[in-house]
Structure formats: structure tokens, C-alpha cells
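Results of the structural survey
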Amino acid sequence: MHKPFRFATLTVACAVAGAALYGTGAATAHQSTANSTHEPYNIGLLVKDIDTYYGTTPDANGVYQASTSSQYAKDLAQIESAAKKYIDKTARKELHKGRKPAVVFDIDDTLLLSLDYEKKTNYTYNSTTWADYVAKADRPAVLGTPELVAYAKAKGVEVFYNSGLKESQRAAAVANLKKVGADINLDAAHMFLKDAANPPAYLSACATAAAWTCTTVQYKSGTRKHIEDLGYDVIANFGDQYSDLDGGYADKTYKFPNPTYFVS
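A quick note: this is a predicted structure, and the numbers were derived from the prediction, not measured.

Attention now goes to the overall build of the chain. A tally of helices and strands in the chain yields nine helices and seven strands. Summarising the internal contacts of the chain: among those between residues at least 6 apart in sequence, 66% fall at separations of at least 24. Within the structure as shown, the chain displays about 12300 Å² of accessible surface, and the carbon and sulfur contribution to it stands at 54%.

Below, the structure is given as C-alpha cells:
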């Protein structure tokens, strides 16, 4: 997962948390604004808004969790409920026509929640600490997503994963997904990770063994195209970033909330 624009996202995230970013002479409690109409929202207040949105609370082990009664949980439940209705209806039609329906899931903050890492690093990114965090394979599930994965499988839909995690992080990703109950199709034929050393031929336009230049959109849409070239119809694509979803090769996309970072 490459996160080059951490603090740039904080302004984007605010809209999710329900806060107004700009205003002429506007002020919140204990905060005064400058005369400029372009003063960004205060980062400290934004962090409080994010905590409120998630209902961020440390558990007995000091791990920050999202509350099941939070607005975040409610937003997820609404999205997941609509997705299940769509999958049920669409899968029946696809299977009746002899087609092979598939769904594609991103992993980071789509299936596995990284809130604890975000809180403890003050919403900054460091490749070493991130790699150590992923290697622990102990992230909680994004609320309701193991059930959504299982639901798709039960409806006869093939489940694929399309993640920005590195190939070297495969074992940790598989172990973590198993731990949260998303133990479906975790083999290499269904879980696509970034392999810069040996990129697949279907990404040859932007990735070779000598250089990986694929954007997130190129990598993810190219992988979805590959899945469709295998004979599947990607009926739904799930991600927490717009770059997980852009680029086509999916009949419908579902954007999960994530006000903590932005991946272009």
C-alpha cells in the first residue's frame, strides 16, 4: 500500500466526517480563523472529527478499534446492505445466462482496518513501520466485510482480491484475512498483489522487471481487465479509495468510507 499523500487527504476526509472545510470568517468552538477565506480546516480539530466518526476506542490490549455504534459503522452497514441486494439480484441473472460473475475486493481499509496504525502514527506514513504493522497480521476486519465476502461466495460469485500490498506481504495478508474470517479464495489465482520484481504480462504497458511505472488506477483496472479476460464478469468492485475503483472493468463500484488517507 503506497500512501504518498497522507496529509493532503485530511482535507478530503473532512467531508466524510461531516465538517466544513472553508468559510468566510467561520469559526468553531475554541478556534478562530484568519481573515483569509482559504484557511484550511484545523488539523487537530479534524483528527477529533475522525475519532468521532469512527468512535475510535482502544480495546483492552490498547488497539484502537472502530465502534459498532459509530457513524462509520452505520455508513458501512448501509453500503453493505445495498451491495448484498445487488449481488443477489445480479448473480441470479448472470448465472441464469451461463455467465461467471465475480466480485473484486481491495484489502487495506476495505477488508482489514488500519485505524490503529493511523492513530499511533498520527496519520503519517513510514514504509518501515507500515511493513512491520502488516507483518503482524493482526488487523481487525472492516466491520461487516467478512460476511459480505461470504455472502458473495454463497450466491455463486467468484471472489477476487486486488491489493496494493506487495508480493512479499502475501503470507501476512492471507493469515490476517483468515484470522478475521474472510477465508475464501486466498490462493495466488484469486489474490493479486504488486510484484514489482516479476510483474505480470498483462501490465506490460507500465510494468517490467526493470521498472514499475503503473499508477494505482492502471494497476488495479489492468488487473480487473485480466480477471474479465479469464472469462469472468466483474459485477462489483469494492475499495476505500477512488483509485481502487476508477478505470473501468466493473459493472458497479462501491466506495467504502476512509477519512484517514488518500491514494491517487
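The end-to-end C-alpha separation of helix H8 (residues 216–229) is 20 Å, in line with the 20 Å expected for 14 residues at 1.5 Å each. Taken residue by residue, H8 has Thr216, Tyr219, Lys220, Ser221, Gly222, Thr223, Arg224 and Ile227 as its buried positions. Considering only its buried residues, H8 is in contact with strand E3 (101–105), strand E4 (158–166), strand E5 (191–194), strand E6 (233–239) and helix H9 (242–245). Positive backbone phi, at 110°, marks glycine 231, one or two positions downstream of H8.

A word on the environment of alanine 209. Examined against the element boundaries, alanine 209 turns out to sit in the loop between E5 and H8. The exposure class of alanine 209 is exposed, given its relative accessible area of 64%. Between the C-alpha atoms of alanine 209 and proline 199, which are 10 residues apart in sequence, the distance is 6.4 Å. With residues near it in sequence (within four places) discarded, alanine 209 still touches Ala196, Ala197 and Pro199.

To continue, consider the pairing of E5. Here three bridges tie E4 to E5, and the two strands are oriented parallel to one another. Counted as the bridge partner of asparagine 162 is phenylalanine 192 from E5. In this fold, E4 hands off to helix H7 (residues 170–180), which returns the chain to E5; that crossover is right-handed.

According to the stated counting rule, one finds 11 salt bridges in the structure shown. Salt-bridge contacts for arginine 99 lead to glutamate 94; the nearest nitrogen and oxygen are separated by 3.3 Å. On the accessibility criterion, arginine 99 (44% relative accessible area) is partly exposed. Ionic pairing is found between glutamate 167 and arginine 170, a salt bridge with its closest N-O pair at 2.8 Å. Look at arginine 170 and you get buried, because its relative accessible area is 16%. If you follow the salt bridges from partner to partner, you end up with Asp88, Arg92 and Lys155 in one network.

Right, let's talk about the environment of valine 174 for a bit. Here valine 174 lies in helix H7. Residue class for valine 174 comes out buried when judged on its relative accessible area of 15%. Sequence separation between valine 174 and aspartate 187 is 13 residues, and the spatial gap between their C-alpha atoms is 8.4 Å. Excluding residues within four positions of it along the chain, valine 174 makes contact with Leu186 and Met191.

The subject of this paragraph is the packing of aromatic side chains. As enumerated under the stated definition, the model contains 13 aromatic pairs in all. Between tyrosine 117 and tryptophan 130, the ring centres sit 5.2 Å apart and the planes meet at 75°, which makes this aromatic pair edge-to-face. Here the residue tyrosine 117 occupies a position in helix H4 (residues 115–120), and tryptophan 130 occupies one in helix H5 (residues 127–135), the gap between them amounting to 13 residues. The residues tyrosine 117 and tryptophan 130 share a single accessibility class, namely buried. Plain terms: the ring middles of tryptophan 130 and tyrosine 133 are 5.7 Å apart, the flat faces sit at 40° to each other, and that makes the pair tilted. Of this pair, tryptophan 130 and tyrosine 133 both sit in helix H5, separated by three residues, roughly a single helical turn. The residues tryptophan 130 and tyrosine 133 share a single accessibility class, namely buried. Grouping aromatic residues by their ring pairs yields a cluster made of Tyr86, Phe105, Phe238, Tyr254 and Phe256. We note lysine 100 situated over the ring of tyrosine 232; from NZ or CZ to the ring centre the distance is 4.2 Å. Taking NZ or CZ as reference, lysine 255 lies 5.2 Å from the ring centre of tyrosine 242, over its face.

Moving on to the sheet that holds strand E7 (residues 253–255). Pairing within the open sheet is parallel, and its five strands lie in the order E5-E4-E3-E6-E7. The sheet is open, and its two borders are formed by E5 and E7, each paired with just one other strand. Averaged over all pairs of adjacent strands, the angle between their axes in this sheet comes to 15°, without regard to strand direction. Sheet topology places E6 next to E7; three bridges connect them, and they run parallel. Each bridged residue has a counterpart across the sheet, and for phenylalanine 238 the counterpart in E7 is tyrosine 254. Contacting E3, E6 and E7, helix H3 (residues 71–96) crosses the sheet at an angle of about 170° to E6. Sheet contacts for H8: E3, E4, E5 and E6; angle to E4, the most-contacted strand, approximately 150°.

Rules used throughout
- Residues numbered from 1 in each chain as written.
- Predicted model: local features only at pLDDT ≥ 70, side-chain atom pairs only at ≥ 80, totals over all residues.
- Heavy atoms only, no water.
- Helix = DSSP H or I, 4+ residues; strand = E, 2+ residues; numbered from the N terminus.
- Contact = heavy atoms within 4.5 Å.
- Areas by Shrake-Rupley, 256 points an atom, 1.4 Å probe, with all protein chains shown as cover.
- Expected span 1.5 Å × (residues − 1).
- Buried < 20%, exposed > 50% of the residue type's maximum accessible area, 1.4 Å probe, protein only.
- Pairing = 2+ DSSP bridges.
- Right-handed = clockwise from strand over helix to strand, strands pointing away.
- Salt bridge = Lys/Arg side-chain N within 4 Å of Asp/Glu carboxyl O.
- Phe/Tyr/Trp six-rings, centres within 6.5 Å; stacked < 30°, edge-to-face > 60°.
- Lys NZ or Arg CZ within 6 Å of the ring centre and 35° of its normal.
- Axes fitted to C-alpha atoms, helices over the stretch in contact; angles between N-to-C directions.

Purely spatial values, then, with no claim about function.
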